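Okay, here's what each chain looks like letter by letter:
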Amino acid sequence: MTLKATTKKAFFITGTDTNVGKTLVAAGLLVAAKNKGLTTAALKPVAAGCEKTDEGLRNSDALLLQSVITQPLAYEQINPYALEAAIAPHIAAQQEKRSLSVDRLSGFCRGVLSSADFTLLEGAGGWRVPLNARETLADLAKNLQLPVIIVVGVRLGCINHALLTFEAIVRDGLPVAGWVANCVDPDMPVLQENIDSLRARLPIPCLGVVPFLADQSPAVVANYFDETEVQKIFE
Ligand SMILES: Nc1ncnc2c1ncn2[C@@H]1O[C@H](COP(=O)(O)OP(=O)(O)OP(=O)(O)O)[C@@H](O)[C@H]1O
Ligand SMILES: [Mg+2]
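First things first, this report covers the structure right here in the doc. If you're wondering where the values come from, they're calculated on a predicted model, not measured in any experiment. (Residues numbered from 1 in each chain as written. Chains lettered and ligands numbered in written order. Predicted model: local features only at pLDDT ≥ 70, side-chain atom pairs only at ≥ 80, totals over all residues. Heavy atoms only, no water.)

Turning to the overall build of the chain, a few remarks are in order. Scanning the chain for helices and strands turns up 10 helices and 10 strands. For the chain, whose C-alpha radius of gyration is 17 Å, the value lies close to the compact-globule estimate of 18 Å for 235 residues. A principal-axis box enclosing the C-alpha atoms of the chain has dimensions of 45 × 40 × 35 Å. Relative to its full complement of 235 residues, the chain shows a buried share of 54%. Pairs at least 24 residues apart make up 76% of the contacts formed inside the chain by residues separated by at least 6 positions. Approximately 10600 Å² of the chain is accessible, and the part contributed by carbon and sulfur atoms is 51%. Computed over 21 positive and 24 negative side-chain charges, the inter-centroid distance for the chain is 7 Å. (Helix = DSSP H or I, 4+ residues; strand = E, 2+ residues; numbered from the N terminus. Rg over C-alpha atoms; globule rule 2.2 N^0.38 Å. Buried < 20%, exposed > 50% of the residue type's maximum accessible area, 1.4 Å probe, protein only. Contact = heavy atoms within 4.5 Å. Areas by Shrake-Rupley, 256 points an atom, 1.4 Å probe, with all protein chains shown as cover. Lys, Arg positive; Asp, Glu negative; His and termini not counted. Charge placed at Lys NZ, Arg CZ, Asp CG, Glu CD.)

Here you go:
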């Protein structure tokens with residue numbers, strides 16, 4: 001079924017940690033939205049870990065997001081702060097003499113946030129990642145008043161990380177639209193019991209369970225979302 005979007009929807013994608021599948025899940029959600037006939041856009045406002053190219057610094061997350069969206073956004077619109085070192089963003093910014101602030105980042109993000117029916121903004125690492133001495137990426141989500149989607153990298157320790165992340169977002173006053181179980185550990189013992197434990201304790205919809213995938217293409221990930229639940233975030 002093709003959806004006709006009546007309002008523009010945008011979400012902040014956070015995760016239980018770095019490397020839990022935020023980018024892959026975000027790309028899968030963007031493909032699922034495009035398959036429903038929605039226009040899509042994406043942001044990775046701060047990326048630490050970039051390659052030097054003839055066009056400038058490029059980050060693989062931002063490039064993947066750029067490759068799946070429908071809107072023809074320039075790289076710099078998707079990723080205004082490309083930092084070379086793959087280290088904590090506030091330290092990378094300090095080393096590279098860049099100044100990160102919620103105020104400036106919000107300005108960059110606002111333009112893109114109104115450009116498509118469905119937009120995802122990927123954070124960096126987890127919820128409380130510093131931008132500078134005072135602010136964190138959570139402050140950017142708050143400033144933009146974005147509802148949040150939590151990607152849970154299902155591995156040992158994830159229940160604690162998921163509950164702490166959920167509690168922190170609620171304490172920050174933002175709605176949590178749902179969570180995605182992303183099975184990043186191919187050898188996870190009692191996998192189903194862990195997912196059931198998360199479902200029982202997170203009082204928000206589970207938008208999908210993505211298994212460990214040999215083919216990690218966004219189009220494949222798009223098949224693993226709960227049709228009914230994602231429809232609610234698209235509409
Ligand atoms: N379901 C999955 N099955 C197999 N591999 C996966 C799965 N999800 C993610 N991966 C792999 O795990 C790695 C981390 O994924 P991804 O880059 O999406 O994480 P991230 O949370 O966005 O990381 P970062 O904090 O750096 O932004 C990638 O190599 C990705 O291909
Ligand atoms: Mg990422």
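Before going further, it helps to examine the layout of surface pockets. Put simply, the largest pocket is a space of about 530 Å³. Counting only elements with at least two residues in the lining of the largest pocket, the list comes to α1 (22-35) and β3 (46-48). Taken together, the residues of the lining of the largest pocket break down into 14 nonpolar, eight polar and four charged. (1 Å grid on protein atoms, 1.4 Å probe; cavity = no way out; pocket = protein on both sides within 12 Å on 5 of 7 lines; lining within 4 Å. Points joined across faces, edges and corners; volume = space filled by probe spheres on them. Nonpolar A, V, L, I, M, F, W, Y, C, P; charged D, E, K, R; others polar.)

For ligand 1, the set of nearby residues contains 19 residues, the closest of which are Thr18, Lys22, Thr23, Leu213 and Gln216. For ligand 1, an oxygen atom lies 3.5 Å from a polar atom in the side chain of Lys44. Glu122 places a polar side-chain atom, nitrogen or oxygen, 3.0 Å from an oxygen atom of ligand 1. Coverage of ligand 1 by the protein chains reaches 78% of its 630 Å² of free accessible surface. Comparing atom positions with the cavity grids shows ligand 1 to sit within the largest pocket. Per-element tally for the shell around ligand 1: the top contributor is α1, with three residues. Broken down by class, the residue content of the shell around ligand 1 amounts to eight nonpolar, seven polar and four charged. (Near = heavy atom within 4 Å. Polar contact = N/O pair within 3.5 Å; in protein donor to acceptor, adjacent residues only side chain to side chain. Sits in = over half its atoms within 2 Å of the grid points.)

This brings us to the coordination of the magnesium ion (ligand 2). Surrounding the magnesium ion (ligand 2) are the protein donor atoms Thr23 (OG1), Asp61 (OD) and Glu122 (OE), which sit 2.0 to 2.2 Å from the metal. Donor residues for the magnesium ion (ligand 2), ordered by position in the chain, follow T-x37-D-x60-E. Here Glu122 lies in strand β7 (residues 118-122) and Asp61 lies in helix α2 (residues 60-68), a separation of 61 residues in the sequence. Judged by relative accessible area, which is 3%, Glu122 ranks as buried. (Donors = N, O, S within 2.8 Å, 3.2 Å for Na, K, Ca; no water.)

Okay, the pairing of strand β2 (residues 40-43) next. Both faces of β2 are covered, namely the face carrying Thr40 and Ala42 and the face carrying Ala41 and Leu43. Where β2 lies against β7, four bridges are found, and the strand directions are parallel. Residue pairing across strands places Ala41 opposite Thr119, the latter belonging to β7. (Pairing = 2+ DSSP bridges.)

Looking now at the pattern of salt bridges. Scanning the model with the defined rule gives 10 salt bridges in all. Measuring nitrogen to oxygen at the nearest pair gives 3.1 Å for the salt bridge that ties Glu122 to Lys44. Of this pair, Glu122 sits in strand β7 while Lys44 sits in the loop between β2 and β3, and the two are 78 residues apart along the sequence. The same class applies to Glu122 as to Lys44, namely buried. It is possible to trace a salt-bridge network through shared partners that takes in Arg128, Asp139, Lys142 and Asp172. (Salt bridge = Lys/Arg side-chain N within 4 Å of Asp/Glu carboxyl O.)

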